[in-house]
Structures are given as structure tokens and as C-alpha cells.
Amino acid sequence: MPNNQRNIVKVVVPRRVWETYDYSVPKRLSRPPIGARVSVPLGHGRAVGVVVAHVDQSDFELKDIERLIDDQPLLSEEVVELGKWLSDYYHHPLGSVFETILPTAAIRGHPASIEPEKQWSLAENSNLSAIKANAIRQQQTWQVLLEHKVVRESDLKSFGITRPVLEALERKGMVKKSDVATSQIITPSPISPTAEQKRAIDSIKVNLGRFQTFLLDGITGSGKTEVYLQVIDEVIRQGKQALVLVPEIALTPQMTNRFHERFSRMAVMHSMISNAKRFATWCQAASGDMPIIVGTRSAIFTPFKNLGIIVVDEEHDASYKQSESLRYSARDIAVMRASKLGIPCVLGSATPSMESVMNARSKRYRYLQLSQRPGTAQLPSFHVQDMRHTQVEGGICKPLLRTIGEHLSRDGQVLILINRRGHSTYYVCKECGWTANCEDCDVRLTWHEVPVRLLQCHSCGRRYQPISRCPDCGKTSIATLGVGTQQVEETLAETFPDVRRYRIDRDSVRTNRQLTAMFTRLQHAKDGLLIGTQMLAKGHHFPNVTMVAVIAADNGFLSTDFRGPERTAQLIVQVAGRAGRAEKRGEVWIQSYDPDNPDLKSLVRDGYEGFTETELRLRREANFPPFGQMAVIRAEGPDERVAEEFCAEVLNVLRQCDVKVLGPAAAPITRVARQYRFQGVVIAPQRRQLHDALKTVERMRPTSRKTRWSIDVDPSEMA
Ligand code: ADP
Ligand code: ZN
Ligand code: ZN
């Protein structure tokens with residue numbers, strides 16, 4: 001029976017469902033606006049959902065909404081539309097998209113305070129004598145307002161006054177209620193911009209109020225952050241809001257302090273913040289009460305009342321891409337939101353992604369460059385050490401050890417980058433060739449010396465006790481091979497026993513707080529060796545580092561992942577950017593067994609720009625992004641054959657479409673935590689063809705419930 005009622009709403013519930021549900025609004029309730037949350041009956045229980053449309057008709061037998069949670073929209077229409085777009089673009093269930101967008105507290109139905117906060121003050125001509133002599137509490141309240149002029153709602157308790165009493169006085173016209181004026185104190189910049197900075201600031205400023213993406217390309221320390229700050233200053237003066245995205249690990253107090261020094265009112269948002277706080281900040285942004293939000297990936301979903309600009313710092317960073325559930329890129333969403341809102345989007349980086357470089361070349365993005373560092377620091381010189389005929393000890397060759405020694409003796413700090421944690425990457429039997437592998441994954445175990453001697457799987461985390469006899473041949477000829485951070489530290493400790501060492505990897509630094517503490521220590525350390533993984537590249541400036549050594553660059557340049565070379569070049573350039581002081585040129589050494597690698601050669605000869613040329617040429621030849629449009633299909637499950645067959649089934653449907661399909665193939669690590677993983681690659685010349693093809697498979701379901709699968713549009717890694 002079609003339902004012809006006026007009051008019907010379409011509701012999306014934050015669960016793994018593709019469809020919205022229709023509900024009728026009972027007479028006792030007013031119709032909830034789009035973007036508001038409602039409580040609805042669902043199956044045998046109830047759910048919190050978001051109203052995404054109003055309709056007059058439905059083909060279904062309808063149930064009533066139970067309750068309105070918000071009487072005003074929690075999500076702006078813009079964010080509701082964004083949700084629909086994300087479901088289309090990433091071929092991901094609409095309900096699950098909203099599950100990603102909404103803060104946990106919102107999904108649990110916690111009340112939102114979207115309205116700007118209110119404050120109370122005395123009305124004009126308000127007179128104490130007009131209050132009855134026995135209305136003691138009204139008199140006290142009146143006195144408090146007289147004394148303090150304005151009192152915020154949130155402060156009522158601390159002044160010992162209550163809302164009902166205030167409302168009674170309001171009815172008599174004795175007090176009045178108004179919106180809290182959000183006061184933003186802007187401290188003017190103490191810095192006068194360089195000519196390049198000024199050009200960048202001016203061209204962004206003249207575009208406030210319309211859509212334009214800028215690629216701000218500037219080496220570390222060239223003053224990009226200063227550009228963001230000065231542009232945001234103008235945005236705030238125009239009464240608008242700003243959103244600044246930063247990579248996961250970069251959200252250190254050092255970074256936020258720079259914003260705090262300039263703007264009295266801003267909020268940070270990242271994964272370590274409590275659910276309640278996160279939701280409160282969200283609501284403040286939605287009500288227009290919070291002018292600036294600095295946050296990591298998921299902050300991109302924050303609704304704003306009047307957003308004026310989006311900045312994405314270190315736009316190339318891999319942490320902007322979510323690698324599970326909704327596999328979104330916060331950077332790409334930033335550009336998309338800016339275009340819908342008609343505001344500028346600034347992408348900053350010392351090492352822009354290939355995508356952004358192409359967009360700048362094709363003039364879709366406006367290119368702004370900061371080529372100099374304020375002050376006179378010079379860029380470092382590069383040296384590639386051919387390892388093929390060189391004597392190596394504990395991962396480091398003799399000439400490199402010698403050069404490190406020279407820098408140390410001249411009071412320089414040396415930074416050593418080795419992208420593997422642990423001590424050794426192989427645990428083997430020298431007699432029969434047995435290697436220790438994880439029982440649950442197809443992964444070699446890594447040998448750790450500190451803090452305890454054990455073997456660890458870096459895929460699933462499982463730990464194993466060391467053994468003294470080979471389980472295959474029974475001989476006691478177990479040895480370790482392959483270098484990790486711990487071994488490099490050991491080698492350096494033997495060669496330079498008196499020099500202070502700092503090791504920075506996931507084993508020595510486990511939390512963001514520890515990382516911050518470590519970076520603060522390094523900032524003040526004048527000498528010593530900094531040994532670490534890519535975590536080091538995210539640190540701020542290390543003013544005393546005069547030399548950078550990259551121990552094993554080949555892993556990345558020869559990676560099976562097409563983005564391996566890009567990530568490695570970015571990492572090298574980012575760490576190299578920390579070498580050299582104002583008065584002295586820094587030195588970068590790269591150990592390589594493949595010194596003729598075209599990517600490495602162009603990087604060393606012509607810097608990141610040279611690398612970009614070579615890499616884009618290779619990508620064009622292979623028709624990889626940013627030329628071809630790509631998606632990866634992944635399927636995994638406990639049964640190898642079932643997972644592979646389902647992957648093949650999806651790929652076969654895709655083969656009927658106008659796209660190129662590769663696979664199925666075993667994933668680079670085939671088995672992780674007892675799950676077998678297969679994947680296929682889909683490439684199309686244009687977005688349209690890719691999306692039309694993916695549309696035909698997006699709702700396919702494996703017959704076995706244990707098989708899981710996903711579509712990854714614009715993959716950031718192939719693993
Ligand atoms: P980036 O974000 O590109 O790494 P920053 O904006 O952090 O660069 O600038 C690096 C350092 O240089 C900071 O200490 C900053 O205060 C300073 N700085 C930036 N611009 C100028 C300038 N025009 N004159 C002097 N110092 C500057
Ligand atoms: Zn053996
Ligand atoms: Zn494992």
C-alpha cells in the first residue's frame with residue numbers, strides 16, 4: 001500500500017547499509033529539519049539516524065519516528081550532500097559513510113548544543129526596587145548581574161544563580177539574554193613576509209570568497225606556516241572560519257602553539273581527544289562559535305556555519321588517506337568541499353604529491369612557490385654511496401662512518417634514517433637456510449635486542465621467544481641478518497662510544513606525548529646522533545644537524561608498490577631539509593646497491609623537481625595515477641580458495657566494463673593474522689569509466705560471511 005502522507009522523512013542510520021529508511025513523523029512531533037538526528041525504531045531495537053530528505057510519498061508501510069534528538073540541523077545541508085557524494089565516489093554504503101562522518105557521541109545520541117552560548121545582563125532601566133521584597137533569589141541574581149555586567153550560561157552555577165530565576169526576571173523585563181560575542185584576539189604577525197611569501201599571501205587573499213585551489217610549494221622552513229597564519233588572520237577578520245588539516249603525527253604542541261600565539265580562540269581535533277570533547281568542538285564549529293579548527297584527517301568532516309578557507313599542510317602525507325572502512329582522502333575531500341562552498345583551499349608541501357604537481361601543471365591549481373628560507377641557510381649537497389664494492393659493518397659502510405665522525409668532531413649533529421625498526425630483519429639458520437616466520441602471517445620475524453630480546457611479527461604484532469636450535473636441522477647455528485634501527489645504534493655505539501645517541505622509532509616512542517617530549521629534548525641537544533625511522537622526518541627543525549645519512553633507500557625505490565619511489569623521495573627530501581645551518585651547507589649521504597636507479601639519480605642531481613620529472617614520465621608510460629584512474633579491489637578471508645575466488649568473481653564483472661583489470665593476485669603479504677589476502681587493480685583513462693565500472697560491483701556479496709572485501713578508490717598503497 002503506497003503511503004500518501006505529508007510528513008515523511010528519509011533517514012540514514014550509521015550502520016553498514018546502502019539505503020536510507022522512510023519514517024513518518026507523528027502529529028505530536030514537528031517535522032525534523034534535514035541534518036537533524038532522530039531516534040527511530042529499527043528491526044527489534046532502535047537507532048539514531050540523520051534526516052537526509054523530506055518526501056510526501058513512500059512505497060512502504062511506515063513506522064513513526066520516536067523522538068527528535070536535535071531541533072536544529074546538526075549537519076549542515078552541505079555535509080549531508082558531502083555524505084551522499086562520498087558514498088558515490090568511494091562506492092561505500094551510505095550508512096557506513098555517516099558512521100565515519102559523525103563523532104561517536106553523536107551516534108550515541110548525546111544532545112548537541114548547536115546554539116551559540118547565551119549570556120545574561122541587566123536590561124536598561126532595570127531597577128532593584130521593582131523586585132518584590134520577599135523575592136530574595138531574584139534580588140541576589142539582580143545583584144550578581146549588576147556587579148558582573150554579563151554572565152555566561154556556562155558560568156551560572158559558579159555565581160550561584162539559576163536559569164528559572166533569570167527567566168522570571170526576563171518576563172518582567174528586568175534582565176535580557178543575548179548571544180555570547182565570540183571574542184577573537186588576533187595578535188598581529190611579528191614577522192614581515194619575504195617577497196615570495198607576500199606574493200603567496202596576496203594571491204590567496206584576493207581569492208577569498210571564491211573557489212580556487214593553491215599548491216604552496218616550499219621547502220621546510222621556507223615559511224609556509226607563516227603564510228597560512230597571515231591568510232587566516234584575514235579570513236577571521238572577515239568573520240569567517242578556518243579549517244587547518246595536519247598529518248597525524250605532526251599535531252604537536254609546537255605546531256598548535258604557533259596558532260595559539262596568534263589567535264586566542266582555536267580548537268584542536270585529533271584521535272586522542274575524548275569523544276565528548278570532540279563532539280563539543282564539532283558543535284561549536286557548526287554553530288559558528290569556533291573560528292579555527294586545527295585537526296587531523298577526520299576533522300575534514302566537521303560542519304561549519306561559515307567556513308572561509310581550508311588549509312592542508314604537508315598535503316602529500318600518507319596519513320590523510322584512511323586505510324579501512326571508508327577509504328577516503330582528506331586532502332581530496334578538502335578540495336571537493338572548497339569547490340562546493342566557493343572558498344579557497346591551500347595545499348602546502350615541501351614535496352608535493354604527483355597528483356598535485358599535475359594539477360598545478362594543468363593550471364587547475366594555482367602554483368605558489370617559496371624557494372628560499374628566511375635567513376641564508378643553503379640546501380644540502382647529496383652524495384650517493386655505491387654499496388656494491390664497499391665494506392659494510394652493522395649496516396654502515398666505512399666511508400660513511402668516517403664522514404659521520406668528521407661531522408661529530410666539528411660539533412655537528414648527525415641524523416641517521418633507517419626505515420626498519422628492531423635489530424635485524426632476518427633470523428636464520430646458517431646451516432640449512434631456515435628463516436623464522438610468523439605462524440599467522442607470511443612475514444619474516446624481526447629480531448629485537450631491546451628492551452627485551454625477542455622475535456616480533458611487524459604485521460600482526462605477535463611475539464616469539466628466541467631459540468637456540470634450528471627447528472629444521474637441530475643445529476645451533478642461528479644468526480641474524482638485515483639491519484634495523486637497533487643495530488645501527490649498536491654499530492654507532494661501538495664506533496663512537498662517547499657520543500650521545502637518541503633512537504626514535506615505534507619501539508622507543510609509543511605515544512604522541514613521548515614523541516613531543518623527544519622532539520623537545522632534541523631541540524635543545526647540541527650534539528649527538530639521531531637514529532630513527534620516518535618519524536624523524538615529521539619533527540620540526542633540528543638546528544644543529546649538519547649531516548643526514550640514509551641507510552637503506554633501495555627498499556623504497558625498488559618497491560613493488562608504484563608509490564614506493566614517491567614516498568621514499570619525499571622522505572629523503574624531508575629529512576634532508578633538516579640538515580645544514582645558516583652559516584654552513586649540510587651534507588646528505590645515501591647508501592644504495594642500485595645507484596643507477598633513474599628515480600634516485602634524478603633526485604640527487606636535480607632535487608625533488610628532477611625526481612618529479614622522471615617519476616611522472618614513468619607513471620605516464622605505465623598509465624598509473626595521476627594519468628590513469630585507479631582502484632584496488634581487495635578480498636580476504638580464512639579460506640584461501642574462497643577469498644581468491646570471490647576476488648576473481650568481482651574482477652570478472654569488472655572485465656565486462658570499459659576498464660583495464662589486473663589480477664587477482666596474492667597481496668604483497670599474502671597472509672596476515674591467518675587471513676588470506678588477494679587483490680586486483682582496475683585502471684581507466686577517465687574517472688567516469690572507473691566509476692561506472694565500480695558501480696556494477698559495489699553491492700556484490702561473498703557467499704561466505706567470513707570473506708570480507710573492499711573497494712579502494714585512488715589507493716595510496718598497494719599492500
Ligand atoms: P614551514 O612551515 O615552511 O616549515 P615556517 O612558517 O615554520 O616554515 O617558518 C620557519 C621559521 O622561519 C619559523 O621560525 C618562522 O617564524 C620563520 N619565518 C617565517 N617567515 C619568516 C620571515 N618572513 N622572516 C623571518 N622569519 C620567518
Ligand atoms: Zn637449520
Ligand atoms: Zn604475524
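Look a little higher up for the structure.
Since the model is a prediction, treat every value here as computed from it, not as a measurement.

## Some points on the coordination of the zinc ion (ligand 3)
Binding of the zinc ion (ligand 3) to the protein goes through Cys438 (SG), Cys441 (SG), Cys457 (SG) and Cys460 (SG), at separations of 2.3 Å. Metal-centred angles of 106 to 112 degrees between the 4 donor atoms at the zinc ion (ligand 3) mark the site as tetrahedral. We note that the donor set of the zinc ion (ligand 3) lies within a single chain, spaced as C-x2-C-x15-C-x2-C. For cysteine 460, a relative accessible area of 32% gives the class partly exposed.

## Thoughts on the site of ligand 1
Neighbouring residues of ligand 1: 15 residues in total, closest Gln197, Gly221, Lys224, Thr225 and Arg258. Glycine 223 places a polar main-chain atom, nitrogen or oxygen, 2.9 Å from an oxygen atom of ligand 1. Glutamate 226 has a polar backbone atom sitting 3.1 Å from an oxygen atom of ligand 1. Protein chains shield 72% of the accessible area of ligand 1, which is 560 Å² for the free molecule. In terms of residue count, helix α7 (residues 224-237) provides more of the shell around ligand 1 than any other element does, 3 residues in total. Residues belonging to the shell around ligand 1 are distributed by class as follows: 4 nonpolar, 8 polar and 3 charged.

## Section: the coordination of the zinc ion (ligand 2)
Coordination of the zinc ion (ligand 2) by the protein involves Cys429 (SG), Cys432 (SG), Cys470 (SG) and Cys473 (SG), with metal-donor separations of 2.2 to 2.3 Å. Relative to the metal, the 4 donor atoms surrounding the zinc ion (ligand 2) lie at angles of 106 to 116 degrees, and the coordination shape comes out tetrahedral. Of note, the zinc ion (ligand 2) draws all its donor residues from one chain, in the sequence arrangement C-x2-C-x37-C-x2-C.

## Quick notes on the sheet that holds strand β10 (residues 212-218)
Taken in spatial order, the 7 strands line up as β12-β13-β11-β14-β15-β10-β16 in an open sheet, and their pairing is parallel. Of all strands in the sheet, those with a lone pairing partner are β12 (267-269) and β16 (365-370), marking the two edges. Taken over all neighbouring pairs, the strand axes of this sheet differ in orientation by 20 degrees on average, direction set aside. Both β10 and β16 contribute to a ladder of 6 bridges, which runs parallel. Looking at β16, one finds that leucine 215 is bridged to tyrosine 367. This element, helix α11 (residues 354-361), spans β10, β15 (344-349) and β16 of the sheet and lies at about 105 degrees to β16.

## As for helix α10 (residues 330-341)
Taking 1.5 Å per residue as the helical rise, α10 with its 12 residues ought to reach 16 Å, and the 16 Å between its terminal C-alpha atoms agrees with that figure. Within α10 the residues assigned to the buried category are Ala330, Arg331, Ile333, Ala334, Val335, Met336, Arg337 and Ala338. Immediately downstream of α10, the backbone of glycine 342 shows phi near 65 degrees, a positive value.

## With respect to the pairing of β15
The element β15 is extensively covered by neighbouring structure, given that 6 of its 6 residues are classed as buried. Side chains Pro344, Val346 and Gly348 of β15 all project onto a buried face; the interleaved residues Cys345, Leu347 and Ser349 project onto the opposite face, where all are buried too. Of the pairings in the sheet, the one linking strand β14 (residues 307-312) to β15 comprises 3 bridges and is parallel in character. Across the sheet, residue valine 312 finds its bridge partner in β15, namely leucine 347. Of the crossover connections in this fold, the one passing from β14 over α10 to the parallel β15 is right-handed.

## Description of the packing of α7 against helix α8 (residues 253-262)
Following both chains from N to C, one finds α7 and α8 inclined at 35 degrees, their axes separated by 11 Å at the closest point. The crossing of α7 and α8 is right-handed. Contact residues: Thr225, Glu226, Leu229, Gln230 and Ile232 in α7; Arg258, Phe259 and Arg262 in α8.

## Side note on the pairing of strand β26 (residues 501-504)
Bridge analysis of β26 against strand β27 (residues 529-532) gives 4 bridges, and the strand direction is parallel. The residue bridging tyrosine 502 from the neighbouring strand is leucine 530, located in β27. Crossover handedness for the path β26 to helix α14 (residues 512-524) to β27: right-handed.

## Focus: the packing of aromatic side chains
In this structure the tally under the stated criterion is 9 aromatic pairs. Between phenylalanine 301 and tyrosine 328 the ring centres are 4.8 Å apart and the planes differ by 65 degrees, which places this aromatic pair in the edge-to-face class. Linking phenylalanine 301 in the loop between β13 (292-295) and β14 with tyrosine 328 in the loop between β14 and α10, this pair joins segments that are 27 residues apart in sequence. The exposure class assigned to tyrosine 328 is buried, which follows from its relative accessible area of 0%. When the centroid spacing of 4.9 Å and the interplanar angle of 35 degrees are considered together, the rings of phenylalanine 562 and phenylalanine 624 count as tilted. Here phenylalanine 624 lies in the loop between α17 (598-622) and β30 (629-637) and phenylalanine 562 lies in the loop between α15 (554-557) and α16 (564-576), a separation of 62 residues in the sequence. Judged by relative accessible area, phenylalanine 562 falls into the buried class, the value being 10%. On the accessibility criterion, phenylalanine 624 (24% relative accessible area) is partly exposed. Clustering of aromatic rings is evident, with ring pairs tying together Trp85, Tyr89 and Tyr90. Seen from the ring of tyrosine 426, arginine 444 lies directly overhead, with NZ or CZ sitting 3.6 Å from the centre.

The rules we used
Residues numbered from 1 in each chain as written. Chains lettered and ligands numbered in written order. Predicted model: local features only at pLDDT ≥ 70, side-chain atom pairs only at ≥ 80, totals over all residues. Heavy atoms only, no water. Donors = N, O, S within 2.8 Å, 3.2 Å for Na, K, Ca; no water. Tetrahedral: all angles 85-135°; square planar, octahedral: opposite > 155°, others 65-115°. Buried < 20%, exposed > 50% of the residue type's maximum accessible area, 1.4 Å probe, protein only. Near = heavy atom within 4 Å. Polar contact = N/O pair within 3.5 Å; in protein donor to acceptor, adjacent residues only side chain to side chain. Areas by Shrake-Rupley, 256 points an atom, 1.4 Å probe, with all protein chains shown as cover. Helix = DSSP H or I, 4+ residues; strand = E, 2+ residues; numbered from the N terminus. Nonpolar A, V, L, I, M, F, W, Y, C, P; charged D, E, K, R; others polar. Pairing = 2+ DSSP bridges. Axes fitted to C-alpha atoms, helices over the stretch in contact; angles between N-to-C directions. Contact = heavy atoms within 4.5 Å. Expected span 1.5 Å × (residues − 1). Right-handed = clockwise from strand over helix to strand, strands pointing away. Left-handed = near helix turned anticlockwise from the far one by under 90°. Phe/Tyr/Trp six-rings, centres within 6.5 Å; stacked < 30°, edge-to-face > 60°. Lys NZ or Arg CZ within 6 Å of the ring centre and 35° of its normal.

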